[in-house]
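# Descriptive analysis of the structure
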Amino acid sequence: MTLLRTQLGNTLRGHRLRQHRTLRDVSGAARVSLGYLSEVERGQKEASSELLASICDALEVELADLLAEVSLELRGATAGVRPLGATGEAPALESAAAAAQTDAAAEPALALVGAGQQERGSRRSDAVSLAA
């Protein structure tokens, strides 16, 4: 079983390497120490949502897209889809999404809860929480 932090790290590293960027460059842009970013990429540290958002901003990747990619990779690891390999190349997101949609009995690995819902009263909440 692949840990979420391991797959998050692999996916972040894949994005960084495809952009031909160094750990130093991304850590500076994300305002996180180089050592900590390295540990996150290697799956040795759990990244907070704030840290993930900062890293995604530095990589110009939407956090929701990163989480969707990680979800598909985790599902692919158990459903026979080729997970992120040693070469750093990820399978096409579209083909993994199509494979996941064909499995009608499958539950989503990650779901957005409260997206688009309004709070009681006149205030509107833009907060979205993640449910596994």
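What comes next is a walk through the structure. (Residues numbered from 1 in each chain as written. Predicted model: local features only at pLDDT ≥ 70, side-chain atom pairs only at ≥ 80, totals over all residues. Heavy atoms only, no water.)

## A word on helix α3 (residues 34–41)
Taken together, the buried positions of α3 are Leu 37, Ser 38, Val 40 and Glu 41. Looking straight down α3, one finds that the buried residues subtend no more than 160° of arc, so they occupy a single side. The inward-facing, buried residues of α3 abut α1 (4–18), α2 (23–30) and α4 (49–59). Gly 43 occupies a position one or two residues after α3 and carries a positive phi of about 75°. (Buried < 20%, exposed > 50% of the residue type's maximum accessible area, 1.4 Å probe, protein only. Helix = DSSP H or I, 4+ residues; strand = E, 2+ residues; numbered from the N terminus. Arc of directions from axis to C-beta. Contact = heavy atoms within 4.5 Å.)

## Here's the deal with the pattern of salt bridges
The full count for this structure, using the stated rule, is four salt bridges. A salt bridge links Arg 13 to Glu 41, with the nearest nitrogen and oxygen atoms 3.3 Å apart. Of this pair, Arg 13 sits in helix α1 while Glu 41 sits in helix α3, placing them 28 residues apart in sequence. The salt bridge involving Arg 21 is made with Asp 25; its shortest N-O contact spans 2.5 Å. We classify Asp 25 as partly exposed; its relative accessible area is 37%. Three or more residues joined by partner-sharing salt bridges are found here, namely Arg 13, Arg 16 and Glu 41. (Salt bridge = Lys/Arg side-chain N within 4 Å of Asp/Glu carboxyl O.)

## Focus: α2
Here α2 has its buried residues at Val 26, Ser 27 and Ala 30. Buried residues in α2, looked at end-on, bunch into an arc of 100°, giving them a common side. Within two residues after α2, Arg 31 carries a phi angle of roughly 60°, on the positive side.

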